[in-house]
Amino acid sequence: MKIIVIGATHAGTFATQQILTDHPDADVTVYERNNNLSFLSCGIALWVGDHVSDPNKMFYSSPEALAKLGANMQMEHDVLSVDPDAKTVEVKDLNTGEVTTDTYDKLVYTTGSTPIVPNIPGIHDTDVHLCKNWQDAKTLKDLAPTIKSAIVIGAGYIGAELAEQYAVTNKQVTLIDGLPRVLAKNFDATITDRVEKLYTDHGVHLALGEMVTSFAKNDQGETVVTTDKGTYTADIAILCTGFRPNTDLLKDHLDTLKNGAIITDAYMQTSDPAIFAAGDTAAVHYNPTGKHDYIPLATNAVRQGILVGKNIMAPTEKYLGTQASSAVELFDHAIAASGLTTEGAKARGLTLDSVTIEQDYRPDFMLTTTPVLCSLTWDPKTHEVKGGAFFSKHDISQSANVISLAIQTHMTIETLAMVDMLFQPNFDQPINWVNAVAMAAVEKANAADKEPVA
């Protein structure tokens, strides 16, 4: 069987590895437009802030490693078109300019995502940087020692981390976002209020609820960013406004979400049985809602890529879906979440209940301790856990994984409240904070159930 893989960041890399591990005699050709693969872009801000021991370790695989497994690696080759009816692809060698046609029995479409670059006046005429791939990373790293100020546009995870690293390395930072809060799509206000204070305490100017209207250069060579509410000047500007699925080659051939993300079944197969999709190019099955969604995360890409490999010859192993578990460290605070926030639920037409508590992570008789802010969301009818989030100076990141498991197994708040969790004074309280927030949820749910019906 002849298999073509288009794109080898995370999903394509893991799909290729799994295909050749399970089927070492498979004829696999990988077309990748870049000269590298498997770059962990989540480490860009850390590298800019001098937290990376060796940037080469930000790659977990290589063309040589996949070739050793048996893949025919065609690096710096851009796929120009796909003909699903003829099962052919047209490919351009970016070094020679030669265009050739190749055929496939199965196609693995793992082209990833493309940064959203809005058509704003001046954006293409000024030196506005992106934060996506290896080339972007090298540019930002090289510029870091030469600048004294930066404007970061977009306060999602990538923009938030980049702004933090500029701030802690003594740059003057402005963080702009059209939404009214930092990390607004990841956390409710109970947590983002704390996060925003961390930024302002470190001198970051937050320009929230502002839409960029133009870019320009002043006479000093600085970048001038104008919004609907103000004007900001800095040495550089970095655009971190999110991503869209890179599905243009197949947008008219496959079932997709409105944004173009390719819909797959539980075996990563698209509406065309010969085509598989995974990673940022594909939709995910979002367990908190039970529906398809677009959530571009490396963790989703890796798992989906592995499943492509396991199912490429025949349906073998089903996709378990995702809770979109994630975490970030900002100004020495851990912030982690899994599943739905209340606002995320409203955006999807759902109504959830929620509760927030705060308690020290371990007993007060210890010489040191620190608070953990915890929130939990659940379905008020079924009491199923739908999401949770945590904020603390203590490393509470693994608590998001507990919530992820609770959502995936349809656990109720009553069950989560009584799940067996260890107690040892070095690590936590007699009632762990995850149990505690679930207990608070049960108490609130019981009180609501007792309220008289109007």
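Counting restarts for each chain, with residues numbered from 1 along the sequence as it is written. In view of the model being predicted, local features appear only for residues whose pLDDT reaches at least 70, and side-chain atom pairs are presented and counted only at 80 or more, with totals across whole chains, interfaces and linings using the full set of residues. Heavy atoms from the whole structure form the basis of all side-chain values; hydrogens and water molecules are not counted.

### Observations concerning the domain arrangement of the chain
- In this document the domain limits rely on a domain assignment from an automatic tool or a database. Split by domain assignment, the chain resolves into domain 1 (2-114 + 243-311), domain 2 (128-239) and domain 3 (326-448).
- One C-alpha centre belongs to domain 1, the other to domain 2; they are set 30 Å apart.
- Residues are treated as being in contact if the distance between any of their heavy atoms lies within 4.5 Å. In this assembly, 16 residues from domain 1 lie in contact with 15 residues from domain 2.
- Throughout, buried area stands for the accessible area (probe radius 1.4 Å) lost by two parts on being put together, summed over both. Note on domain 1 versus domain 2: buried area summed over both sides is about 1,500 Å², and carbon and sulfur give 70% of it.
- When the buried area of domain 1 at its contact with domain 2 is split by residue, Ile 44, Trp 47 and Val 48 rank highest and sum to 39% of it.
- Residue Lys 141 pairs with Asp 50 through a salt bridge whose shortest N-O separation is 2.4 Å. Salt bridge, as used here: a side-chain nitrogen of Lys or Arg that lies within 4 Å of a carboxyl oxygen of Asp or Glu.

### Observations concerning the packing of aromatic side chains
- Here the aromatic set is Phe, Tyr and Trp, taking the six-membered ring for Trp, and pairing holds for ring centres within 6.5 Å; pairs whose planes are under 30 degrees apart are stacked, those over 60 apart are edge-to-face, and all others are tilted. Under the defined criterion, the tally for this structure stands at seven aromatic pairs.
- Plain terms: the ring middles of Phe 14 and Tyr 60 are 5.4 Å apart, the flat faces sit at 45° to each other, and that makes the pair tilted. In this pair, Phe 14 is assigned in helix α1 (residues 11-22) and Tyr 60 in the loop between α2 (44-48) and α3 (63-69), connecting sequence segments 46 residues apart.
- Note on Tyr 60: relative accessible area 31%, which makes it partly exposed.
- Taking the centre distance of 5.0 Å and the plane angle of 70° together, the rings of Phe 59 and Trp 134 count as edge-to-face. Taken together, the residues Phe 59 in the loop between α2 and α3 and Trp 134 in helix α4 (residues 134-143) connect sequence positions 75 residues apart.
- For Phe 59, a relative accessible area of 17% gives the class buried.
- Partly exposed residues are those whose accessible area sits between 20% and 50% of the maximum for their type, while under 20% is buried and over 50% is exposed, using a 1.4 Å probe and protein chains only. Overall, Trp 134 belongs to the buried group, its relative accessible area being 13%.
- Over a ring means this: the NZ of a Lys or the CZ of an Arg is within 6 Å of the ring centre and within 35 degrees of the ring normal. Lys 132 extends its terminal NZ or CZ atom over the ring of Phe 243, reaching a point 4.6 Å from the ring centre. Numbered from the N terminus, helices here are DSSP runs of H or I no shorter than four residues, and strands are runs of E no shorter than two.

### Digging into the UniProt feature "domain: FAD/NAD(P)-binding" (unreviewed entry) in the chain
- UniProt positions are given in the numbering used here, feature names are shortened, and annotations may be inferred rather than shown by experiment. Annotation from UniProt places "domain: FAD/NAD(P)-binding" (unreviewed entry) at residues 1-305.
- Helix makes up 22% of residues 1-305 and strand 29%. Its end C-alpha atoms lie 19 Å apart.

### Structural notes on the side chain of Ser 38
- Topologically, Ser 38 is positioned in the loop between β2 (27-32) and α2.
- Residue class for Ser 38 comes out buried when judged on its relative accessible area of 0%.
- Two N or O atoms form a polar contact when they lie within 3.5 Å of each other; inside protein one atom must be a possible hydrogen donor and the other a possible acceptor, and for residues adjacent in sequence the pair counts only when both atoms belong to side chains. A polar contact of 2.9 Å, which involves the side chain of Ser 38, links it to the backbone nitrogen of Ser 61.
- In this structure, Ser 38 is in contact with Ala 8, Thr 9, His 10, Thr 13, Met 58, Phe 59, Tyr 60 and Ser 61, ignoring residues within four places of it in sequence.

### Quick word on the nonpolar core
- To define a nonpolar core, start from buried Ala, Val, Leu, Ile, Met, Phe, Trp, Tyr and Cys residues and group those joined through side-chain atoms within 4.5 Å. Tyr 166, Tyr 199 and Ile 238 are the most contacted members of the largest nonpolar core, which has 45 residues in total.
- No other element matches helix α5 (residues 157-168), which puts six residues into this core.
- With residues near it in sequence (within four places) discarded, Ile 238 still touches His 129, Leu 130, Cys 131, Leu 140, Ala 150, Ile 151, Val 152, Ile 153, Leu 162 and Tyr 166.
- Of all hydrophobic cores here, the second largest spans 31 residues; its members include Ile 3, Ala 8, Ala 71 and Leu 352.

### Points about α1
- Here α1 spans 16 Å end to end across 12 residues, near enough to the 16 Å set by a 1.5 Å rise per residue.
- Burial of α1 is extensive: nine of the 12 residues sit out of reach of the surface.
- Taken together, the buried positions of α1 are Ala 11, Gly 12, Thr 13, Phe 14, Ala 15, Thr 16, Gln 18, Ile 19 and Leu 20. Helices are assigned an expected span. That span is 1.5 Å times one less than the residue count.

### So, the packing of α1 against helix α7 (residues 298-311)
- Between N-to-C directions, angles span 0 to 180 degrees; the directions come from axes that are lines fitted to C-alpha atoms, helices contributing only their stretch in contact. At a minimum axis separation of 7 Å, α1 and α7 run at an interaxial angle of 30°. In terms of axis orientation, α1 runs roughly parallel to α7. Between α1 and α7 lies a crossing whose hand is right-handed. Seen from α1, the contacting residues are Ala 11, Phe 14, Ala 15, Gln 18, Ile 19 and Asp 22; seen from α7, they are Ala 301, Val 302, Gly 305, Ile 306, Val 308, Gly 309 and Lys 310.
- Note on residue categories: nonpolar means Ala, Val, Leu, Ile, Met, Phe, Trp, Tyr, Cys or Pro, charged means Asp, Glu, Lys or Arg, and polar means any other residue, Gly included. The residue inventory of the contact of α1 with α7, partitioned by class, reads eight nonpolar, three polar and two charged. In what follows, roughly perpendicular refers to angles from 65 to 115 degrees, roughly parallel to angles under 35, roughly antiparallel to angles over 145, and oblique to any angle outside these ranges. By definition, turning the near helix anticlockwise from the far helix through less than a right angle yields a left-handed crossing, and turning it clockwise yields a right-handed one.

### So, the sheet that holds strand β15 (residues 231-234)
- Pairing between two strands is assigned when DSSP locates at least 2 bridges connecting them. Spatial ordering of the open sheet is given by β13-β14-β15, a layout of three strands whose pairing is antiparallel. Two strands lie at the open edges of the sheet, namely β13 (212-217) and β15, each paired on one side alone. Ignoring strand direction, the axes of neighbouring strands in this sheet form an average angle of 20°.

### Things to note about unusual backbone geometry
- Even without being glycine, Ser 38 reaches a positive phi, approximately 70°.
- Within the chain, Ala 324 stands out as a residue other than glycine whose phi angle is a positive 60°.
- In this structure, Ala 324 sits in the loop between α7 and β21 (326-330).
- Owing to a relative accessible area of 16%, Ala 324 belongs among the buried residues under this scheme.

### So, the environment of Arg 33
- With respect to the helices and strands, the residue Arg 33 is situated in the loop between β2 and α2.
- For Arg 33, a relative accessible area of 46% gives the class partly exposed.
- Taking the C-alpha atoms as reference points, Arg 33 and Lys 92, separated by 59 residues in sequence, lie 9.1 Å from one another.
- Residues contacting Arg 33, with those up to four places away along its chain left out, are Glu 76, His 77, Asp 78, Leu 94 and Asn 246.
- Within the local environment of Arg 33, its side chain forms a polar contact with the side chain of Asp 78, the two groups lying 3.1 Å apart.

### Digging into the pattern of salt bridges
- Evaluated as defined, the whole model comprises 11 salt bridges.
- Glu 384 serves as the salt-bridge partner of Lys 386, at 3.7 Å between the closest nitrogen and oxygen.
- When its relative accessible area of 13% is taken as the criterion, Lys 386 is described as buried.

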